[in-house]
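Read off the chains here:
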Amino acid sequence: MRSNRQTGTIDVWVFRHSQLTIPPLHMREMLSPTERERAVKIRHMDMRLSYLQAKCAFRIILSAHLNVPLRDLQMTISRFGKPRLPAHDIEVSQAHSRDWSAVAVSTLGCVGIDIEVWRPLANCRQLASQVMTDQEARVLGDKPSELTVRKFLELWTRKEAVLKCAGLGLRQEPRGLHTGWDEPAVQFADVQYSLNALPVCGQLVGHLASHAPQKIIMRSLPS
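Remember, predicted model here, so these are calculated numbers, not experimental data.

### Section: the pairing of strand β8 (residues 191-197)
Part 1 of the argument: Two strands pair when backbone bridges link them, and strand β7 (residues 185-188) and β8 are joined in this way by 4 bridges, in the antiparallel orientation. Bridging across to β8, Phe-188 finds its partner in Val-191.
Part 2 of the argument: Hairpin connection, β7 to β8: the antiparallel pair is bridged by 2 residues, and Ala-189 has positive phi, about 55°.
Part 3 of the argument: As paired strands, β8 and strand β9 (residues 204-210) are joined by 4 bridges and run antiparallel to one another. What sits directly across from Ser-194, in β9, is Ser-210.
Part 4 of the argument: Between β8 and β9, which pair antiparallel and follow one another directly, the connecting turn spans 6 residues, one of which, Gly-202, has a positive phi of 70°.

Structure, rendered in C-alpha cells:
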C-alpha cells in the first residue's frame, strides 16, 4: 500500500474490531512481550480478543501508512503508556473502547485521541464529580438533567485526549485538567491544546487533541 501522508494533517482511523480478519495466532506474533503478558491476564475471552485486535490493528495501520514491513516496525512505549516510533518523524495515539478502536497519526507535533462507546451509566453524576473541575461543575449549576451520559462521555474524552497528547494519560488526575464542555482550545501545564470532536455518530463519542489546529483526514482500514 502506497502511503498518502500529507504534511500538517492528522490521519484518523475509527473502526469496529469485527471489520478485522486477523487469525488469533498471527495476532499473538505481532504483540510485544509486555502486551502478550497483559493479554494473558485478561480473563474474559471477548475482552482478551478485543485487546489483541486493537493492538494488532494499530501495528497494521502504521505499517501500511509508513510503507514499512510489520517485522521492521520499531515501537517503544513510554512509562506513561504513550507509543512512539523513534525511526519516523510522526506522533501517534490509540484509543480502544469495547469493540471499537481509533488511531491517530500526526506529522506535525503531538496528538492524543480518545473514544468511548455510549452506554447507560447509572452512576453518571458520581463519575462526573470525580472528573469535573469546580469551574466545569458550576457551568451545570443545579440542573442535573443537563448532565446526560453522552455529555459526560464527551467531557471524559476531551480530558483523556489532552492528557494523551501531553504524554501523561490517566497518570494525571482528570480533575486537575480544565477542558470545559465545548471550548476549541485549552491550556494545560502552560501549553495550549486544540480540541476537535471526531466526526463519528451513533454510539460513539470521541475527541482529538493536538498542539495546534490541524486538518483531520478520516482514513479507511488497509486491506
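### A look at the sheet that holds β7
Part 1 of the argument: Strands sit in the order β6-β9-β8-β7 across an open sheet of 4 strands; the sheet is antiparallel. Of all the strands in the sheet, the pair left with one neighbour each is β6 (111-117) and β7. Direction aside, the axes of adjacent strands within the sheet are offset by 25° on average.
Part 2 of the argument: Taken strand by strand, helix α6 (residues 149-165) contacts β6, β7, β8 and β9, and its axis lies near 155° from that of β6.

### Notes on the sheet that holds strand β5 (residues 100-106)
Part 1 of the argument: Reading across the sheet, the 4 strands line up as β4-β5-β1-β10 and stay open at both edges, with mixed pairing between neighbours. Each end of this open sheet is capped by a strand with a single partner; those strands are β4 (91-97) and β10 (215-218). Averaged over all adjacent pairs, the angle separating strand axes in this sheet is 20°, with direction ignored.
Part 2 of the argument: Bridge count between strand β1 (residues 9-16) and β5: 7 bridges; the pairing is antiparallel. Within β5, the position partnered with Ile-10 by the bridge is Ser-106.
Part 3 of the argument: Contacting β1, β4 and β5, helix α3 (residues 45-66) crosses the sheet at an angle of about 155° to β4.

### Focus on the confidence of the model for the chain
Part 1 of the argument: Chain-level statistics for the chain give a pLDDT mean of 87 and a share of 95% at 70 or above.
Part 2 of the argument: Predicted confidence is poor over residues 1-5, with pLDDT under 50, and the contacts of this stretch with residues over four places away or in other chains come to 10 contacts.

### Considerations on the environment of Asp-134
Part 1 of the argument: By secondary structure assignment, the location of Asp-134 is in helix α5 (residues 134-140).
Part 2 of the argument: C-alpha of Asp-134 to C-alpha of Val-40: the two residues are 94 residues apart in sequence and 40 Å apart in space.
Part 3 of the argument: For Asp-134, the side chain forms a polar contact with the side chain of Arg-175, separated by 3.1 Å.

### Section: the nonpolar core
Across soluble globular proteins, nonpolar side chains have a tendency to be buried as a group.
Part 1 of the argument: One finds Phe-15, Leu-62, Leu-73, Val-92, Val-103 and Val-105 to be the most contacted residues of the largest nonpolar core, which totals 25 residues.
Part 2 of the argument: Where this core is concerned, the elements lending two or more residues are β1, α1 (24-30), α3 and β5.
Part 3 of the argument: Residue contributions to this core peak at 8 residues, all from α3.
Part 4 of the argument: Discounting residues that sit within four places of it in the chain, Leu-73 has contacts with Arg-59, Leu-62, Ser-63, Leu-66, Val-68 and Leu-85.

About the criteria used
Residues numbered from 1 in each chain as written. Predicted model: local features only at pLDDT ≥ 70, side-chain atom pairs only at ≥ 80, totals over all residues. Heavy atoms only, no water. Pairing = 2+ DSSP bridges. Helix = DSSP H or I, 4+ residues; strand = E, 2+ residues; numbered from the N terminus. Axes fitted to C-alpha atoms, helices over the stretch in contact; angles between N-to-C directions. Contact = heavy atoms within 4.5 Å. pLDDT = per-residue confidence, 0-100. Polar contact = N/O pair within 3.5 Å; in protein donor to acceptor, adjacent residues only side chain to side chain. Core = buried A, V, L, I, M, F, W, Y, C linked by side-chain atoms within 4.5 Å. Buried < 20%, exposed > 50% of the residue type's maximum accessible area, 1.4 Å probe, protein only.

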